[in-house]
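# Examining the three-dimensional arrangement
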Amino acid sequence: MSKEFWRLHINPILCLDGAATTLLTIQYNLVAGTLGPFVGAREDLKGLLQDIMSFKVIGQFCLTEVGHGLDAFNLETTATILEDGQFDLHTPTQNAAKYMPPTIPVLGLPCVAIVFARLIVKGEHRGIRPFIVPLNDGHNMCHGVEAKLLPSRGGSQRVNHSITSFHHVKLPCTALLETCEPRGTPHEEFLKSIWRVSVGGLALASIAIPALKIAAHIATRYSLRRMVRGATGSLVPVLSFSTQQLPIFTCLAQILVLEACYAHAVKVFVDKKVDQCVRQGVATCVKAIMVQHCQASHLALSERCGAQGLFSYNQFVSQHSEMRGVAIAEGDVLVCSIRLATEILIGRYELPSSPNPDSLLSKHEQGILNENTAVATMYGHRSDTFASRVLPQCQAIVEAIGHRMAYDAALADGIPDSLLQLYACSAIKNDMAWYVENKVLSRSELVGMEGAALEAAKPHLRRWIEELRVDPYVKAPITSDRKWFEFVGKLNVFRGEARGYGGNWARRDAKVARL
C-alpha cells in the first residue's frame, strides 16, 4: 500500500460525491487489493487487474449476505466443484443473497466481482474461498446471475445497491483465487482472505478528516456573514457568541488531532513487524473516534446554522449521512469495538501504551481499562455479568483508547496547544462522571480549562480556516452573499394574479376595525 493510497482517502474531493467515493474504494481497495497478491503467480490475472485499475471493468466485492453481515464467516453461498473441474456457484436461500454491492449493469462497462462462497469438494466443506465471477456486460446480467435494485439510502448519493443471487452459475477452474486443498484453521484463513476489509476500515474512516474541514469552513463563513442585533442595538456576526465559537474551534481541534492520529496509525498499520491483532486494534480505535467526532461535529455545526443546517445543499446533512455509511462499512464500529475491548480485557494482547501516562486522557483510559478488567477477571468474559456490565461499555472503552492515542500523536506532532486542550476537553465531556468520581477534574475546572483554550485560539481562526484549503470543495450557498444570491436566482419562481382565499374577513366592504 503506497503513500498515495492513504493520501487518496483524505482528499476533500471525495466529499463531493459519496457514491463515486464508494465505487472508487471498492474498485481500488477491495477488488484490486484482493487480486494484487495473486497476479505474480497467475499470468492470466494481469489483464483483468489492469482493466480494473483503469476502470475499463467495474469491480465488485460480494462478501456479506442478507442474513450474514458481521458474521460473514457463516455465509451460505456455495461453490461446489464438479467432476470436470468447474464450479457450481449457487445461492441456496434468500438469506444467502449477497447484500448491497451495486451489481446492476451501468455505463456499458462489464462488471466482475470477487464472490466469497463455501468451497464444497465431494460433499466436504473446505472453508470460504474467493472466486472471480462475471456479473454483467454493462447492458445485461450474465446467465444465472440475478440482481434486485434496492431503494436509495436516505440523504446520500445513490449507489445502486442491490441484492444479488446466483442460480447454479458455472465457473471455470481458474475462477478460484486460492487452492482447493484444506488449509489452516478455517476462521484464520477466512480473515486472511478478506484482509483488505481491515485496510478499508482505516482508509474509509479517514474521509472524516476532509468532511470535518469542509464543515468547519462552511460553519465559519456562515457565522461571519450572519448578522444579528447585539445588546447595544448594533449588528454583530453570530460568530461573536461563544456558543457559536466553541463547536467551530472544537471541530478545528479534531481536524488537526485526527490528521496526526491518522498518520501515526498508518505507520503502525503497515509495519509488518507489529502483531496483526495490534495493527487491526489500532485501526479500530482510530475508526471509532473518527466516526464519533465527525458525526458529533456535523450535528453541532448544522444546528448552529439554524434552519439552513437542515438542507442538504449546505452539505452538513449529506456528509453526516455518508459518514453513517462509513461507520458500518468494512466493520461496524460497535461490533468491532466489542471484539477489540474484550480481547484487551482478557489479556490476549496489548495496544501500544501512552508515552504521556500523566495526561488526563491517559489516566481515563487506564482507569476504565482497570475497572473492566477486574470484571472480566472475576466473572469471565462469557458470563452474564460481563455481558450486562461490560459489553455496553465496549465502544466507550475503545473510544477512550482512541482519544488518548490521538492526543499523544497530536502532542508529538506539535499542534497548537490551545487546539490540543480543546480536543482534550471535548473528549473529557464524553465521560465527565469518571473524572469527577475519581477526583481527577471537577466540572468547574473543565469549564475554566475550555474557556482559556478558546480565548487563546480565537485570534487565529481566519488563518486556520484558510489553511484547511477546502474552498474549491465547498458548494454550500450560505458561505457568501454571492453564492447565496446565485443559488436563490436559480430557484423555481411562482407568481400569479390569484385573489387568494376569500372569506367574510376579506370583503372589501367590511367595516374598518376600531381600536
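Residues numbered from 1 in each chain as written. Predicted model: local features only at pLDDT ≥ 70, side-chain atom pairs only at ≥ 80, totals over all residues. Heavy atoms only, no water.

Secondary structure assignment for the chain yields 18 helices and 11 strands. Along the first, second and third principal axes, the C-alpha set of the chain runs to 95 × 70 × 45 Å. Carbon and sulfur atoms make up 56% of the accessible area of the chain, which totals about 25800 Å². The average position of the 52 basic charges and that of the 47 acidic charges among the side chains of the chain differ by 9 Å. (Helix = DSSP H or I, 4+ residues; strand = E, 2+ residues; numbered from the N terminus. Areas by Shrake-Rupley, 256 points an atom, 1.4 Å probe, with all protein chains shown as cover. Lys, Arg positive; Asp, Glu negative; His and termini not counted. Charge placed at Lys NZ, Arg CZ, Asp CG, Glu CD.)

The next thing to look at is helix α13 (residues 394–413). Between the first and last C-alpha of α13 there are 29 Å, a value that for 20 residues agrees with the 28 Å anticipated at 1.5 Å per step. Phi turns positive one or two residues past the end of α13, at Gly414, with a value near 75°. (Expected span 1.5 Å × (residues − 1).)

In this section: the side chain of Gln308. One can find Gln308 in the loop between α8 (276–304) and α9 (316–328). Apart from the residues within four sequence positions on either side, Gln308 is in contact with Tyr222, Tyr313, Asn314, Ile478 and Trp484. (Contact = heavy atoms within 4.5 Å.)

We now examine helix α10 (residues 333–345). Within an α-helix, residues lying three or four positions from one another point in the same direction, as the helix has 3.6 residues per turn. For α10, which comprises 13 residues, the first-to-last C-alpha distance of 18 Å matches the rise-based estimate of 18 Å (1.5 Å per residue) to within 8%. Along α10, the residues that are buried comprise Val333, Cys336, Ser337, Leu340, Ala341, Thr342, Glu343, Ile344 and Leu345. Looking at the packing, one finds that the buried side of α10 touches α8, α9, α11 (360–379), α12 (384–389) and α13. The first or second residue beyond α10 is Gly347, which carries a positive phi of 80°. (Buried < 20%, exposed > 50% of the residue type's maximum accessible area, 1.4 Å probe, protein only.)

Our focus in this paragraph is the layout of surface pockets. Of the voids in this model, the second largest pocket is the one considered here, and its volume is about 400 Å³. Taken together, 19 residues make up the lining of the second largest pocket; nearest its centre are Glu350, Leu351, Glu365, Gln366 and Leu369. Within the residue set of the lining of the second largest pocket, elements represented by two or more residues are α10, α11 and α13. Counting residues per element, the lining of the second largest pocket draws most heavily on α11, which supplies 7 residues. Taken together, the residues of the lining of the second largest pocket break down into 8 nonpolar, 7 polar and 4 charged. (1 Å grid on protein atoms, 1.4 Å probe; cavity = no way out; pocket = protein on both sides within 12 Å on 5 of 7 lines; lining within 4 Å. Points joined across faces, edges and corners; volume = space filled by probe spheres on them. Nonpolar A, V, L, I, M, F, W, Y, C, P; charged D, E, K, R; others polar.)

Moving on: unusual backbone geometry. Apart from glycine, the bulk of residues carry a negative phi angle, and the bulk of peptide bonds sit in the trans form. Look at Leu107: it is not a glycine, yet its phi comes out positive at around 60°. One can find Leu107 in the loop between β4 (98–100) and β5 (111–121). Look at Leu107 and you get exposed, because its relative accessible area is 73%. The phi torsion at Lys439 lies on the positive side, around 55°, for a residue other than glycine. Note that Lys439 resides in the loop between α15 (432–437) and α16 (443–457).

Here helix α6 (residues 208–225) crosses α8 at 15°, and the two axes come no closer than 10 Å. When the axis of α6 is compared with that of α8, the two are roughly parallel. In this structure, α6 crosses over α8, and the sense of that crossing is left-handed. Of the residues in α8, those in contact with Ala208, Ile209, Ala211, Leu212, Ala215, Ala216, Ala219 and Tyr222 of α6 are Met290, His293, Cys294, Ser297, His298, Leu301 and Arg304. Per-class residue counts for the contact of α6 with α8 are 11 nonpolar, 3 polar and 1 charged. (Axes fitted to C-alpha atoms, helices over the stretch in contact; angles between N-to-C directions. Parallel < 35°, antiparallel > 145°, perpendicular 65-115°, else oblique. Left-handed = near helix turned anticlockwise from the far one by under 90°.)

Relative to each other, helix α5 (residues 195–205) and α8 sit at 30°, their axes nearing to 9 Å. The angle between α5 and α8 falls in the class roughly parallel. Note on packing geometry: the crossing formed by α5 with α8 is left-handed. Where α5 approaches α8, its residues Ser198, Gly201, Leu202 and Ala205 are matched on the opposing element by Gln280, Ala283, Val286, Lys287 and Met290.

Enumeration over the complete set of coordinates arrives at 1 cavity of 30 Å³ or more. One number sums up the size of the largest cavity: a volume of about 50 Å³. Lining the largest cavity we find Pro151, Ser152, Arg153, Ser156, Gln157, Arg158, Val159, Asn160 and His161. In terms of residue class, the lining of the largest cavity is made up of 2 nonpolar, 5 polar and 2 charged.

Our next topic: the pattern of salt bridges. Oppositely charged side chains may form a pair once their charged atoms are brought near each other. Enumeration over the complete set of coordinates arrives at 18 salt bridges. Here Lys429 and Glu450 are joined by a salt bridge, their closest N and O atoms 2.6 Å apart. Residue Lys429 is found in the loop between α14 (417–428) and α15, and its partner Glu450 is found in helix α16; the two are separated by 21 residues along the sequence. With relative accessibility at 12%, the residue Glu450 sits in the buried group. With a closest N to O distance of 3.4 Å, Arg463 and Glu467 form a salt bridge. Highlighted residues: Arg463 and Glu467, both in helix α17 (residues 461–467), separated by 4 residues, approximately one helical turn. Accessibility expressed as a relative area gives 43% for Arg463, which makes it partly exposed. Classification of Glu467 by relative accessible area gives partly exposed; the value is 39%. Connected through salt bridges with shared partners, the residues Glu365, Arg404 and Asp408 form a single ionic network. (Salt bridge = Lys/Arg side-chain N within 4 Å of Asp/Glu carboxyl O.)

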